[in-house]
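Each chain, written out:
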Amino acid sequence: MTTTGLRLTLSAADRLPLDEPLVAIVRLVNQGTEPVTVSSRLNLAEDLSVTVTGPGRAPARAAWPWPVDSGLRQVRLAPGEVLEAGVLLLLADGAAPLFPVAGAYTLVAELVPTPGDVVRSEPVTVVREEPLDSAARARMRALEDPQAAQSIASASVVGGAADALTGPIAETPTGRLLAALATGDTAAARDAAAALASEAGPAVAAATTAAVLPPGLYPGDERISAVGATLAGQDDDGRAAALLAERPWRPA
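Residues numbered from 1 in each chain as written. Predicted model: local features only at pLDDT ≥ 70, side-chain atom pairs only at ≥ 80, totals over all residues. Heavy atoms only, no water.

Caption draft 1: Highlighting the overall build of the protein. A tally of regular secondary structure across the protein gives 8 helices and 11 strands. For a compact globule of 252 residues, the expected C-alpha radius of gyration is about 18 Å, and the protein comes in at 17 Å, within 12% of that figure. The buried share of the protein, taken over its 252 residues, is 51%. Pairs at least 24 apart in sequence give 69% of the contacts found in the protein among residues at least 6 apart. In the structure as shown, the protein presents an accessible area of about 10700 Å², 50% of it carried by carbon and sulfur atoms. For the protein, the separation between the mean place of its 19 positive charges and that of its 29 negative charges on side chains is 3 Å. (Helix = DSSP H or I, 4+ residues; strand = E, 2+ residues; numbered from the N terminus. Rg over C-alpha atoms; globule rule 2.2 N^0.38 Å. Buried < 20%, exposed > 50% of the residue type's maximum accessible area, 1.4 Å probe, protein only. Contact = heavy atoms within 4.5 Å. Areas by Shrake-Rupley, 256 points an atom, 1.4 Å probe, with all protein chains shown as cover. Lys, Arg positive; Asp, Glu negative; His and termini not counted. Charge placed at Lys NZ, Arg CZ, Asp CG, Glu CD.)

This is the structure we're talking about:
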């Protein structure tokens, strides 16, 4: 909590196999009594950081593949409103895997929403599990490949990663959507978003998209528009649309 009444939370799956990409959702809540103008750049390329502590390595920060030079973006967050974003937790510095071995990991997010004000989330724990069979182990190896991981995180195809994107990585619902976004296949992205939304809800599909295509960095991107149009019919409360537009949302 800060003097402005802002609170940052991070939510993620309690358990997830290492062959599936982990997408968390970060939420900035105005719990105060007055509107606050805050940064809307809740992504790893700009104003958000996530520290991961667990077995097999020293504490590491989740990384974004490339430097980003962007301008200030802010929104007015009224009392009771929230600003949400998806966060792909896949890479550490140097394109190393953020979760190198199975085990329990602690995640903490940090954000500077207003000048001189820092908010940190409470720690959350995610247990990363060993793959169960040969197909899952192949997916894990594909996600550990630096070019494939950079491709997913940057929503583009890096080097020779195309086969991994259209092959093993696309075998899970989250990986399928991330792979379609990376290859730029809007039809495949629509289908993958619909499938993920049916399984986990439209907000999860929107967060997965926004995690690699932050709307403020990719205004007007046809991939975001395609996913948004697909999710519109299921987005009864407008949460998915807000995620895909980098704008505040008021829970019921």
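Back to the write-up after that little detour.
Caption draft 2: Structural view of the packing of helix α6 (residues 202-212) against helix α7 (residues 222-231). Where α6 contacts α7, the two axes come as close as 10 Å, and the packing angle between them is 180°. Our classification of the angle between α6 and α7 gives roughly antiparallel. Residues Pro202, Ala205, Ala206 and Thr209 of α6 lie in contact with α7, whose contacting residues are Ile224, Val227 and Leu231. Across the contact of α6 with α7, the residue classes tally to 6 nonpolar, 1 polar and no charged. (Axes fitted to C-alpha atoms, helices over the stretch in contact; angles between N-to-C directions. Parallel < 35°, antiparallel > 145°, perpendicular 65-115°, else oblique. Nonpolar A, V, L, I, M, F, W, Y, C, P; charged D, E, K, R; others polar.)

Caption draft 3: Spatial organisation of unusual backbone geometry. The phi dihedral of alanine 155 falls on the positive side, at around 55°, and the residue is not glycine. Here alanine 155 shows up in the loop between α2 (146-154) and α3 (162-166). Look at alanine 155 and you get buried, because its relative accessible area is 5%. Despite not being glycine, glutamate 246 has its phi angle at roughly 55°, a positive value. When you line up the elements, glutamate 246 lands in the segment after α8 (239-243). Residue classification places glutamate 246 among the buried residues on the basis of a relative accessible area of 13%.

Caption draft 4: Region of interest: empty space enclosed by the protein. For the structure shown, the criterion picks out 3 cavities of 30 Å³ or more. If you add up the space inside the largest cavity, you get close to 130 Å³. Forming the walls of the largest cavity are 13 residues, and the residues nearest its centre are Leu18, Leu90, Pro97, Phe99 and Leu143. Counting residues per element, the lining of the largest cavity draws most heavily on helix α1 (residues 134-144), which supplies 3 residues. (1 Å grid on protein atoms, 1.4 Å probe; cavity = no way out; pocket = protein on both sides within 12 Å on 5 of 7 lines; lining within 4 Å. Points joined across faces, edges and corners; volume = space filled by probe spheres on them.)

Caption draft 5: Inspection of the packing of aromatic side chains at higher detail. Counted under the stated rule, the structure contains 1 aromatic pair. Considering the side-chain rings of phenylalanine 99 and tyrosine 105, the 4.8 Å spacing of their centres and the 90° angle between planes classify their relative orientation as edge-to-face. For phenylalanine 99, a relative accessible area of 5% gives the class buried. The ring of phenylalanine 99 has arginine 128 sitting right over it, with the charged end atom 4.8 Å from the ring centre. (Phe/Tyr/Trp six-rings, centres within 6.5 Å; stacked < 30°, edge-to-face > 60°. Lys NZ or Arg CZ within 6 Å of the ring centre and 35° of its normal.)

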